[in-house]
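Fold and geometry: a report
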Amino acid sequence: MQQVTETKKKSFLSGLTGQIIIAMVLGATLGIILHNYISPEAAQSFSNKIKMLATIFIRLVQMIISPLVFTTLVVGIAKLGDIKTVGRIGGKALAWFFTASFISLLIGLFYVNVLQPGVGLKLDHVDMAAASEVTGKTKILSVENFVEHIVPKSLFEAMATNEILQIVIFSIFFGLAAASLGSTVKPVINALDKASHIVLRMVNYVMNFAPIGVFGAIAGVFAIRDAEELVLTYFKFFGSFLIGISTLWVLLIAIGYIFLKGRMTELLKRILGPLAIAFGTTSSEAVFPKLTEELEAFGVKDKVVSFMLPLGYSFNLDGSMMYMTFASIFIAQFYGVHLDLGTQMVMLLVLMLTSKGIAGVPRASLVVVAATCGMFDIPVEGIALILPIDHFCDMFRSATNVLGNALATSVVGQWENNKELAAANLEE
C-alpha cells in the first residue's frame, strides 16, 4: 500500500499538473524575494523580461488554436451530416450558455449587495492614468463591432487574429457544404481529420513548456506587487470576490454531479491540468487545445467537442460574468452612486449582451465593466480602483471559465450520446 502511495506521489509530481503547481510556488517565491530586496525599477525590468516566458507559451498555444478549431470542427460537422443535427446541438449549447451566464451574473449581483465591499472603502494613491488603456477600448462595444466579431470577411484574417467565433462560422458553412456533397469529398475530410491529429500531437509538445510559462507569469507579477499590502488594502473586495467565485464553483460542480453522476469526479481529475494552466497564466485560451484533448479522452465525441468549445469560449465565460456585475457595482458603491434593484437588473441584462461581442479582446472583463459604468453614470475612471488586484482576480476567473466550458461540453456530449443510444434501440 505504501509503495502504491509513493508511486502516485511520484506520478503526480512528474505529471503536468504537479509541475505547474511547483512552478507556481517557485515563481511566487522568487518574485516575493526580488520584490523585497531589489529596487522597484529593477523589479519592473525583471518582471518585463521574465513575463516573456509566459508570452512565448501563450503565443505557441495561439499558434495551434486556429488550425485545430478549423480542422476538428469541419470534420465534426461533416460527421454530424445535416443542418438539423447542427441546429439541435447549437440550440442546446446556447440555452446552456445563456442560463449559466445569467446565474453567474446573479451570483455577482447578490454578493456585492450583501457584502458591500465598496462601501466606506478608503484607497489612497490610486493611479487613474493606468485606467486609460482599458477605458480607451470601450468604444469597441457596439452593434457594429458585435457583428464584426461574429461574421468573418476572410477566413485567413480570422485565423491570423484568432477570432474563434468567426472561424466557427466559416467552419460550419464549410462542414455543411462538405456533408451535402457526400462521398465525393471524403478525401478532403480524411485529410483534415489527419491534420487535426497532427495538431493535437503538437499540443503535447507545446504543453511541455506550460510549467515554464506559468513560472514566468507568476514570478513577474509578484516581483512588482506587494502581495501583503494588496491583501490588506483589498481584503474586503478580494475576500468578497472569492466567496462569490467559490459559490459559483460549488454550483457548477453540483450541477455536474446531477447530470454526469459519478463521472464528474473523473472529469475534474482530467481537467486539473488545464485548470492549473489557466490559473497560472490567467488565460483560458492557453488551455483550449489541451482541454479539447482531455474532453475527448473523457468520452465526449470529437464532433461535439469541436463544436461546443469554440462557441463556449465566446459565449460561456462564467467566471468573467460573475466578476462583471461584482466589479461594476463595487465601483458604484465606492463613489456612492445609488443603484436600485431595477437599475441593477437592467445592468445585468446589458452585461449579458455586451459581454458576448468581445471574444479575444485583451482584458475583456475590464473593458465591459468600464463600458457598463459609462452607461449607468458611474465614473469610468473607477476602473483604476480594481486594476492593482485584477490580475489575482483574473486567475480565478480564467480557471472558472475553463471549468464552465468543460462542464457544458461534457453534459451536452452526454445528452447527444443518450439520444444516439435511444435512436439505435428504436431501430432494433
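In the annotation of an unreviewed UniProt entry, the entry for the protein reads Na+/H+-dicarboxylate symporter, and the organism field reads Flavobacterium saccharophilum. In UniProt, the protein has this text filed under Subcellular location (unreviewed entry): "Cell membrane".

A separate point is the overall build of the protein. Each helix and strand counted, the protein has 20 helices and zero strands in total. Taken across its 428 residues, the protein has 50% of its residues classed as buried.

With that settled, the discussion passes to the pattern of salt bridges. The tally for this structure, following the rule as stated, stands at eight salt bridges. Residues Arg270 and Glu294 are paired through a salt bridge, measuring 3.3 Å at the closest nitrogen-oxygen approach. Here Arg270 is found in helix 13 (residues 263-270), whereas its partner Glu294 is found in helix 15 (residues 288-298), with 24 residues between them in sequence. Among the residues examined, Arg270 registers a relative accessible area of 29% and is labelled partly exposed. Notably, a salt bridge pairs Asp394 with Arg397, separated by 3.1 Å at the nearest N-O pair. With a gap of three residues between them, Asp394 and Arg397 both fall in helix 20 (residues 383-427), about one helical turn apart. Each member of the pair, Asp394 together with Arg397, is buried. Ionic contacts of the salt-bridge type, sharing partners, join the residues Glu266, Arg270, Lys290, Glu293 and Glu294 into one network.

The predicted model of the protein has a mean per-residue pLDDT of 83, with 86% of residues at 70 or higher. Here residues 1-10 is modelled with pLDDT under 50, and outside its nearest four sequence neighbours on either side it reaches zero contacts, counting other chains as well.

Take the UniProt feature "transmembrane region" (unreviewed entry) in the protein next. Following the UniProt record, one finds the feature "transmembrane region" (unreviewed entry) at residues 12-36, 56-81, 93-112, 164-185, 205-225, 237-260, 341-359 and 366-387. Secondary structure across residues 237-260 comprises 100% helix and 0% strand; the distance between its end C-alpha atoms is 34 Å.

What follows deals with helix 4 (residues 83-115). For helix 4, with 33 residues, the first-to-last C-alpha span of 48 Å sits near the 48 Å given by 1.5 Å per residue. Among the residues trailing helix 4, Gln116 stands out with phi positive, at a value near 45°.

Positive phi values are uncommon outside glycine, yet Lys261 reaches one of about 60°. Tracing the backbone shows Lys261 in the loop between helix 12 (235-260) and helix 13. The exposure class of Lys261 is exposed, given its relative accessible area of 54%. Positive phi values are uncommon outside glycine, yet Asp377 reaches one of about 55°. Checked against the element boundaries, Asp377 lands in the loop between helix 19 (364-375) and helix 20. Residue classification places Asp377 among the exposed positions, given a relative accessible area of 68%.

Turning our attention to empty space enclosed by the protein. Tallied over the entire structure, the rule returns two cavities of 30 Å³ or more. In this structure, the second largest cavity occupies an estimated 30 Å³ of space. Those elements that provide at least two residues to the lining of the second largest cavity are helix 3 (40-80), helix 15 and helix 16 (302-315). The residue makeup of the lining of the second largest cavity, split by class, is five nonpolar, three polar and no charged.

If you check helix 2 (residues 16-37), its first and last C-alpha atoms are 31 Å apart, about what 22 residues at 1.5 Å a residue would give, namely 32 Å. If you check which residues of helix 2 are buried, you get Thr17, Gly18, Ile20, Ala23, Met24, Gly27, Ala28, Gly31 and Leu34.

A complete count under the given rule lists 19 aromatic pairs for this structure. Note on Phe70 and Phe170: the rings are 6.1 Å apart at their centroids and 35° apart in plane angle, and the pair reads as tilted. With Phe70 in helix 3 and Phe170 in helix 8 (residues 164-180), this residue pair connects regions lying 100 residues apart in the sequence. Given a relative accessible area of 12%, Phe70 falls into the buried group. We classify Phe170 as partly exposed; its relative accessible area is 29%. Three or more aromatic residues link up through ring pairs in this structure, and these residues are Tyr234, Phe237, Phe238, Phe241, Phe279, Tyr323, Phe326, Phe330 and Phe396. Cation over ring: Arg263 sits above Phe298, and NZ or CZ is 4.0 Å from the ring centre.

A few words now on the packing of helix 3 against helix 15. When two helices pack together, you describe them by how their axes are tilted relative to each other and by the distance separating the axes. Interhelical geometry of helix 3 versus helix 15 gives an angle of 50° and a closest axis separation of 8 Å. When the interaxial angle is binned, helix 3 and helix 15 end up oblique. Mapping the contact onto sequence places Val61, Ile64, Ile65, Leu68 and Val69 in helix 3 and Phe288, Pro289 and Thr292 in helix 15. A breakdown of the residues in the contact of helix 3 with helix 15 according to their chemical character gives seven nonpolar, one polar and no charged.

This next bit is on the nonpolar core. Core analysis: the biggest nonpolar cluster contains 121 residues, and Phe57, Phe237 and Ile386 have the highest contact counts within it. It is helix 20 that contributes the most residues to this core, 16 residues altogether. When neighbours within four sequence positions are excluded, Phe237 is seen to be in contact with Pro117, Tyr323, Phe326, Phe330, Ile386, Ile389 and Cys393.

This part covers a nonpolar patch on the surface. Residues Met63, Ile198, Met202 and Tyr205 make up a contiguous nonpolar surface patch of about 430 Å² in total accessible area. Tallying contributions element by element places helix 9 (residues 186-207) first for the nonpolar patch, with three residues. Examined against the element boundaries, Tyr205 turns out to sit in helix 9.

It is worth spelling out the packing of helix 17 (residues 318-334) against helix 19 at this point. Contact pair helix 17 / helix 19: the axes reach a minimum separation of 9 Å and the direction vectors enclose 40°. As the angle between them shows, helix 17 and helix 19 are arranged oblique. Handedness of the crossing formed by helix 17 with helix 19: right-handed. Contacts between helix 17 and helix 19 involve Ser320, Tyr323, Met324, Ala327, Ser328 and Ile331 from the first element and Ser365, Leu366, Val368, Val369, Thr372 and Cys373 from the second. Here the contact of helix 17 with helix 19 is composed, by residue class, of eight nonpolar, four polar and no charged.

Calculation notes
Residues numbered from 1 in each chain as written. Predicted model: local features only at pLDDT ≥ 70, side-chain atom pairs only at ≥ 80, totals over all residues. Heavy atoms only, no water. UniProt positions renumbered as here; feature names shortened; annotations may be inferred. Helix = DSSP H or I, 4+ residues; strand = E, 2+ residues; numbered from the N terminus. Buried < 20%, exposed > 50% of the residue type's maximum accessible area, 1.4 Å probe, protein only. Salt bridge = Lys/Arg side-chain N within 4 Å of Asp/Glu carboxyl O. pLDDT = per-residue confidence, 0-100. Contact = heavy atoms within 4.5 Å. Expected span 1.5 Å × (residues − 1). 1 Å grid on protein atoms, 1.4 Å probe; cavity = no way out; pocket = protein on both sides within 12 Å on 5 of 7 lines; lining within 4 Å. Points joined across faces, edges and corners; volume = space filled by probe spheres on them. Nonpolar A, V, L, I, M, F, W, Y, C, P; charged D, E, K, R; others polar. Phe/Tyr/Trp six-rings, centres within 6.5 Å; stacked < 30°, edge-to-face > 60°. Lys NZ or Arg CZ within 6 Å of the ring centre and 35° of its normal. Axes fitted to C-alpha atoms, helices over the stretch in contact; angles between N-to-C directions. Parallel < 35°, antiparallel > 145°, perpendicular 65-115°, else oblique. Core = buried A, V, L, I, M, F, W, Y, C linked by side-chain atoms within 4.5 Å. Patch = residues over 30% accessible without salt bridge, like charges linked within 9 Å, V, L, I, M, F, W, Y side chains within 5 Å. Areas by Shrake-Rupley, 256 points an atom, 1.4 Å probe, with all protein chains shown as cover. Left-handed = near helix turned anticlockwise from the far one by under 90°.

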